[in-house]
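Coordinate analysis (summary)
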Amino acid sequence: MPGAPIPDNILVSGPSFTMRQLKEITDAVLAYHPEADIDVILDAYVFSAKAHRGQSRQSGEAYLSHPVEVAYNLTRLKMDEKTVAAGLLHDTLEDTLATDDEIKQLFGDEIYHMVDGVTKISQVQFASWEEKQAENYRKMILAMAHDIRVILIKLADRAHNLQTLESLSPQQQIRISKETLDIYAPIANRLGIGWLKAELEDGSFQYVSPDKYQSIVDRMSQDEEARNALVQTVCQAVEKDLAAEQIKGTVSGRSKHYYSIYKKMMLQQIDLEDVYDLIGVRVITDSVKDCYAALGLVHSLWRPIPGKFKDYIAMPKPNMYQSLHTTVNGPNGQRVEVQIRSKEMHKVAEEGIAAHWQYKDGDEKSKKQDDHLAWVRHLIEAQSEIKNPKDFLNAFKVDLFFQEVYVFTPRGDVIALPRGATPVDFAYQVHTDIGNHCLAAKVNGKIVNLKYKLKNGDRIEILTSNQKHPSRDWLSFVKTSKARSKIIHYINHREREKSRELGREILETEIRKYSFNPPKVLKGKNLDEAIHAAGFNTLDNLFISIGYGKTSVRNVVDKLLPKETLEEFAKQAPTVKVSEPSARQGRGGIKVKSFGDDMMLRIGKCCNPVPGDTIIGYITRGRGVSIHIVDCPSMVSLAGETERLVEVEWDTSHKTPFPVRISIVTEDKPGLLAKISSTVFACGVNMTRANVQTSALKRAYFDLSLEILDLDHLNRTLDTLRRLPGVIHVERVKPYSKKRSNKKPMDGGEESAGASGDTGVWVN
């Protein structure tokens, strides 16, 4: 098929699509890449035309017009011929009968993978909107990492789709436009493609906010003649001074694009009439030295506006953009923004990463592409370590909407971070180990809180300690996805290690119960069988699963120890009960279904469960299992950590009194306390504390602490109290009903649940 002529019977004609456009594409490619193999573009056109034959877009145009426009947009990005060919083919796998094998056979693996990558960035069905969006963005990130040209094809595709939105429904117009402003325009910005970013933003703006868009268009139309005259005056003045100083350079002017004006209005909370710098002038010189010389000339012509100068040459933006920005009071006091950059800087500013496809030196090309794609690598780390869709979306958007702050290392190196970033973000940006051991930070020589928000020009020094490790609290204030993902990764790793140690301790304790030596058993012939029977490849993974409560230790022991020993022990084993350090602190019996009987248990004071309450166990980090009522807020907050929840049940064969608080509201009558006390005693309940208050409304309020045997015992007592004359209301008081807590139960250390008052008991 290479070099095949284009059959006349598949050419499409019409006002928006002619054969001339295909020639424009091939001529454009040859202009910036004279050695290009144009045959592959012609072949792709023929294949696409055949595949899309008979298909039309909703606008009524032949479908082939769309891939050709996408290919043309790719030439504007100065892409290689294979990418342009992939642009012509980008919809064939999704919207035609073309197969993967056909694309591979006719165009090779490289083009196929680009077409397949674009196809995979498509809508799929998921359980929630957030999950669906997160999955789509994950696909984009992976596609960018594999071959950045995939996302460039997608951007070219979206740019043309925006030009034909008028044929879609209003709902589709708004959805596509919002997605473009949220995702695709920021991606174009992060890749440094200035013209494409502006095109995507303005194309979306008119559908997302049509009234605001039209008001800006009308205002710009009214002042167009005056603005053009101002641009001409400024350009002539700058050109004259450049020539006088023998500085080579070109000067051009333009009106700012509509969406950038709108963003300024929103950012500064001003009306359109208060936006004064509606025009920009650009000076392109031959060298960095000439850029700064031109800046001096501009400032000598007009007074600069304080605070409006930015040096992106010394401190490039994360997308490698370099330029000098200044705003001056121009002719007649009208504000003018002036951008000054070299030719090479201008090339990067307009074409971004696409400019680096034209470097002849492969090493230089790779290095510059790596610089551009550092944020993509951070996103890949985030998508592999942040599992929650909402957290991933937030990390994704933080990296896209990058409003930068520039800070310095102690050696004077510049590091760009998002606004609101903290010393912890800085530490992880420098190196993961520095972040993981960050103890404190000095900003401009002074110790600051780790939550301190960095400012432009701050000099940061991180103090480290091998004894310091990431805290879950850091997740509440870090801004970068890299810091967030590394903190989550460390915490998860630490939890796995603690679960491994807990699992080992549980299994060894269970083995000792049968009078066997754990080290000897765990090296015996039955070990591999026990590991594989539990579904694991290594002993460590088995320990971790036991520690998390996913694997029953009893099932593992059944595989490790002789069957006759287990059977003999079962005949002699006493009933398992909970014993207490003292009778007053007794808690009755609890069975943990997933473990053996030598497991430390703790009763949560946040809910004070009693026999009869539906309970659940939570495997803490090194402190056994914490027991809670299932609807305790501590348990509700752990909905995402189901692997650490275990089934437990009451063993009611051993009756032990439990402390319970009750609240009683009565009429304020003499002798009621005595009646309540005698009633409680008659129910077989011991009262350990009583607090009584009265109000001006002739009400008495009783706060009592009782010792009851189980939930039925409590309910019978409450029913008896309700029948007393003068009693208005009786209820059990649960500690969490007054103050809800989002803390985790019994975790201790930096992630303590604050439940240190829980009563610790052992199952014997």
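For the structure itself, consult the block above.
Quick caveat: nothing in here was measured; it's all calculated off a predicted structure. (Residues numbered from 1 in each chain as written. Predicted model: local features only at pLDDT ≥ 70, side-chain atom pairs only at ≥ 80, totals over all residues. Heavy atoms only, no water.)

Brief notes about the overall build of the protein
A tally of helices and strands in the protein yields 29 helices and 23 strands. In the protein, buried positions account for 50% of the 764 residues. Looking at the protein as shown, the accessible area adds up to about 36700 Å², and 49% of this sits on carbon and sulfur atoms. (Helix = DSSP H or I, 4+ residues; strand = E, 2+ residues; numbered from the N terminus. Buried < 20%, exposed > 50% of the residue type's maximum accessible area, 1.4 Å probe, protein only. Areas by Shrake-Rupley, 256 points an atom, 1.4 Å probe, with all protein chains shown as cover.)

So, the pattern of salt bridges
Tallied over the full model, the rule gives 21 salt bridges. Ionic pairing is found between Glu 508 and Arg 504, a salt bridge with its closest N-O pair at 3.6 Å. A residue pair is termed a helical-turn pair when its members lie 3 or 4 positions apart in one helix, as Glu 508 and Arg 504 do in helix 21 (residues 481-513) at 4 residues. Note on Glu 508: relative accessible area 16%, which makes it buried. (Salt bridge = Lys/Arg side-chain N within 4 Å of Asp/Glu carboxyl O.)

Overview of the sheet that holds strand 21 (residues 699-708)
Pairing within the open sheet is antiparallel, and its 4 strands lie in the order 20-21-19-22. The sheet is open, and its two borders are formed by strand 20 (686-694) and strand 22 (727-733), each paired with just one other strand. Averaged over all adjacent pairs, the angle separating strand axes in this sheet is 20°, with direction ignored. With 8 bridges connecting them, strand 20 and strand 21 associate as antiparallel partners. If you follow Asn 691 over to strand 21, its bridge partner there is Asp 703. (Pairing = 2+ DSSP bridges. Axes fitted to C-alpha atoms, helices over the stretch in contact; angles between N-to-C directions.)

Digging into helix 6 (residues 100-120)
For the α-helix, the turn length of 3.6 residues means that residues three or four positions removed from each other point alike. With 21 residues, helix 6 should reach 30 Å at 1.5 Å per residue; the first-to-last C-alpha distance of 13 Å falls well below that figure. At Gly 108, helix 6 shows its strongest bend, of approximately 130°. For helix 6, every residue scored as buried is listed here: Ile 103, Phe 107, Ile 111, Tyr 112, Met 114, Val 115, Asp 116, Gly 117, Val 118 and Thr 119. On the buried face of helix 6, the contacting elements are helix 2 (39-51), helix 4 (81-89), helix 5 (92-95) and helix 8 (149-163). (Expected span 1.5 Å × (residues − 1). Bend = angle between axes of the 7 residues up to and from the residue. Contact = heavy atoms within 4.5 Å.)

Notes on a positive patch on the surface
On the surface, a cluster of positive charge is contributed by Lys 308, Lys 310, Arg 335 and Arg 419. Relative to the helices and strands, Arg 335 resides in strand 6 (residues 335-342). Of the residues examined, Arg 335 reaches a relative accessible area of 30% and is grouped as partly exposed. (Patch = residues over 30% accessible without salt bridge, like charges linked within 9 Å, V, L, I, M, F, W, Y side chains within 5 Å. Lys, Arg positive; Asp, Glu negative; His and termini not counted. Charge placed at Lys NZ, Arg CZ, Asp CG, Glu CD.)

Examining the side chain of Glu 201
For Glu 201, the location among the structural elements is in helix 10 (residues 194-208). Reaching out from Glu 201, the side chain makes a polar contact with the side chain of Lys 263 at a distance of 3.5 Å. (Polar contact = N/O pair within 3.5 Å; in protein donor to acceptor, adjacent residues only side chain to side chain.)

Some thoughts on the nonpolar core
If you look at the biggest cluster of nonpolar residues, it comprises 58 residues, and the most contacted ones within it are Ile 111, Leu 155, Leu 196 and Leu 200. Those elements that place two or more of their residues in this core are helix 1 (19-32), helix 2, helix 3 (65-76), helix 4, helix 6, helix 8, helix 9 (170-190) and helix 10. Considering each element in turn, this core owes the most residues, 8 residues, to helix 8. Other than its neighbours up to four places away in sequence, Leu 155 contacts Tyr 184, Ile 187, Ala 188, Leu 191, Leu 196 and Leu 200. (Core = buried A, V, L, I, M, F, W, Y, C linked by side-chain atoms within 4.5 Å.)

Quick notes on the packing of helix 6 against helix 8
Helix 8 packs onto helix 6 with a crossing angle of 55° between their chain directions and a minimal axis gap of 9 Å. For the element pair helix 6 / helix 8, the angle class is oblique. The crossing of helix 6 and helix 8 is right-handed. Residues Glu 110, His 113, Met 114, Gly 117 and Val 118 of helix 6 form the contact with helix 8, whose participating residues are Arg 149, Val 150, Ile 153 and Lys 154. Of the residues belonging to the contact of helix 6 with helix 8, the class tally is 4 nonpolar, 2 polar and 3 charged. (Parallel < 35°, antiparallel > 145°, perpendicular 65-115°, else oblique. Left-handed = near helix turned anticlockwise from the far one by under 90°. Nonpolar A, V, L, I, M, F, W, Y, C, P; charged D, E, K, R; others polar.)

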